[in-house]
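# Working through the structure, step by step
Below are the chains, spelled out letter by letter.
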Amino acid sequence: RKPISPRKPWFREVFNFRQRFLWAMEPLYDPQSGAVDLKSAVAEARREFGGIDYLHLFDWGVCGQYGRIYGRTGDYSPYEYLKGGREALHSAIAEVQADGAPVGLYIEGYLLQERGKLGGQSGAQWQLIGRDGKPRWWPDSTEMFVCPAVEPWREIQASTYETKVAELGVDGMYIDQFGFSHDKDCWSAEHGHESPSDGVVSERDTTRLIRERIAAVKPNVALYTEESPVDVTTQYQDGSFSYAMATAQRTSTRVPLNLLRFALPDFKTIEILYCDKPTGSWATGVKWVFFNGEAIWLEGPAKEWFEPETRAAIRKCYAILHKHRDAFTTLKPTPLTPTLLGGVFANAFPVPGKTVYTLYNTRHRTVRGEMLRIPAAEGSAIDDEWYGKPAEFRRDGAEIAIHLEIGPHDVGCVVVRRP
């Protein structure tokens, strides 16, 4: 079935998703000069990661001593804490958009700052109540969880998203924590919902309203969340962050596969390998993302949070993903297509005229030999895209057997172009 809200083709072509900050970790805002320098973030991503398809601004909504407010309708405005105000931020966003980098904004889906106007006025009445009857708070903070079934809060959220898109002309908007509805049922008897509420339904209805209000202002804006929600909610979204690869690292799963990525191929999944800490030397995780044909979430100072080999892996994977973005956005990807060698797995991404295969060697040693047997007409071009050379293959009637070499816990990539 098609989603109720049509997904944005441009967002499906995002593979390097870069998160940056105005106020922290190599801040993009200079309080002394008042300059908002988003250009440097784009230049850094192109230099260190091989490219940038999306710039996600995390802390743009900080309001000084009040904390994360986001300029919600009826609350403090973050523009008051920038010397150039809204115009400075809008201009900086437009400048990098003109350079080919879409820009999006972070907003919390659940948390409301107690120190803000809304938190002080209505937070206690709107707060999400747990099974134990106690109000829910983010640990060790002054941010409270708000029940998304509360109609006034839902309207404020929708109004805020609508307003920020109109004010800043951004390309995407994020609803943080939506997708983690499994523990967000509300047990309040004062909110007008059944007790408990259904977290899935509350998220779905809030997401739908936000989507409707954004679309009325700027139709091609992408809406994304964290984690991947259930299908009744994904139908109103373009994609989400995912911890599928991070989870695969902690389990005994033999092959790292994000099934949702293949079940809903037009829903963009963006893998967070490590959240809010360095990716370090985990280049293998980067290659798992490539194996699935997904986007990667990149946070932190590039040279501090990513070892040279990890940045090199990101650049190499990105080059192939971007080059063959038509295949990696196919609506008919095939997970775990048959291979000829145990311990080696493959995914297929077919489009008219070609098929791209990604492979992963789960063994602890290098494997060499025939690994794929596929139909291929005479005159087909068979390339080992990972090594950038023609692939070795043996023809057997209407099929070919492709010979490859893949290192331990490494990936491969074959492109078959039909005549």
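Up top you'll find the structure we're talking about.
What comes next concerns the included structure. Keep in mind that this is a model prediction, so the values were computed, not measured.

## Here we look at the overall build of the protein chain
Broken down by element type, the protein chain carries 13 helices and 21 strands. Here the protein chain has a C-alpha radius of gyration of 23 Å; the compact-globule value for 419 residues is 22 Å, and the two agree. Oriented by its inertia axes, the alpha-carbon framework of the protein chain measures out at about 75 × 50 × 40 Å. Here the protein chain holds 419 residues, and the buried ones make up 58% of them. Long-range contacts, defined as pairs at least 24 residues apart, comprise 71% of the intrachain contacts of the protein chain with a sequence gap of at least 6. Carbon and sulfur atoms make up 52% of the accessible area of the protein chain, which amounts to about 17,100 Å² in all. A distance of 5 Å separates the average location of the 50 positive side-chain charges in the protein chain from that of its 55 negative side-chain charges.

## Side note on the sheet that holds strand β14 (residues 344-351)
Spatially, β13-β14-β15-β21-β17-β18 is the arrangement adopted by the 6 strands of the open sheet, whose pairing is antiparallel. Edge positions in the open sheet fall to β13 (334-337) and β18 (389-390), since each of these has one partner strand only. Relative to β18, strand β17 (residues 381-384) runs antiparallel, the two being bridged by 2 bridges. Opposite D383, over in β18, you have P390 as the bridge partner.

## Observations regarding the packing of helix α10 (residues 283-292) against helix α12 (residues 308-323)
Between α10 and α12, the least distance of the axes is 8 Å, while the angle of their chain directions is 10°. One element, α10, and the other, α12, form an angle in the roughly parallel class. Taking contact as the criterion, the partners of A283, V286, K287 and F290 in α10 are, on α12, E309, T310, A313, I314, C317, I320 and L321. Residue composition of the contact of α10 with α12, by class: 8 nonpolar, 1 polar and 2 charged.

## Here we look at the nonpolar core
One finds L38, L57, L89, M173 and F290 to be the most contacted residues of the largest nonpolar core, which totals 104 residues. Formed by 18 residues, the second largest nonpolar core is a distinct cluster that contains V344, L359, A376 and I382.

## Some remarks on the pairing of strand β1 (residues 16-20)
When you tally the buried positions in β1, you get 5 out of 5 residues, the bulk of the element. Burial of β1 is two-sided: the residues N16, R18 and R20 facing one way and the residues F17 and Q19 facing the other way are all buried. In this structure, β1 lies alongside strand β4 (residues 54-57), joined through 4 bridges in parallel fashion. Counterpart to R18 in the pairing with β4 is L55.

## Considering helix α6 (residues 199-217)
Helix length check: α6, at 19 residues, gives a terminal C-alpha distance of 28 Å against a target of 27 Å (1.5 Å per residue), a fit within 8%. Among all positions of α6, only G199, S202, E203, D205, T206, T207, I210, R211 and I214 are buried. Close packing links the buried residues of α6 with α5 (151-168), β8 (172-179), β9 (222-226) and α7 (231-234).

## Describing the packing of helix α2 (residues 39-49) against α12
Two numbers describe how α2 lies on α12: the axes approach to 8 Å, and their chain directions differ by 95°. By the angle class used here, α2 and α12 are roughly perpendicular. Residues R47, E48 and F49 of α2 touch α12, and the partners they reach there are R311, I314, R315 and Y318. Taken together, the residues of the contact of α2 with α12 sort by class into 3 nonpolar, no polar and 4 charged.

## Comments concerning unusual backbone geometry
Put simply, S195 and P196 share a cis peptide bond, and its omega is 5°. Of note, the phi angle at D140 is positive, near 55°, even though the residue is not glycine. Relative to the assigned elements, D140 resides in the loop between α4 (117-126) and β7 (143-145).

Analysis parameters
- Residues numbered from 1 in each chain as written.
- Predicted model: local features only at pLDDT ≥ 70, side-chain atom pairs only at ≥ 80, totals over all residues.
- Heavy atoms only, no water.
- Helix = DSSP H or I, 4+ residues; strand = E, 2+ residues; numbered from the N terminus.
- Rg over C-alpha atoms; globule rule 2.2 N^0.38 Å.
- Buried < 20%, exposed > 50% of the residue type's maximum accessible area, 1.4 Å probe, protein only.
- Contact = heavy atoms within 4.5 Å.
- Areas by Shrake-Rupley, 256 points an atom, 1.4 Å probe, with all protein chains shown as cover.
- Lys, Arg positive; Asp, Glu negative; His and termini not counted.
- Charge placed at Lys NZ, Arg CZ, Asp CG, Glu CD.
- Pairing = 2+ DSSP bridges.
- Axes fitted to C-alpha atoms, helices over the stretch in contact; angles between N-to-C directions.
- Parallel < 35°, antiparallel > 145°, perpendicular 65-115°, else oblique.
- Nonpolar A, V, L, I, M, F, W, Y, C, P; charged D, E, K, R; others polar.
- Core = buried A, V, L, I, M, F, W, Y, C linked by side-chain atoms within 4.5 Å.
- Expected span 1.5 Å × (residues − 1).

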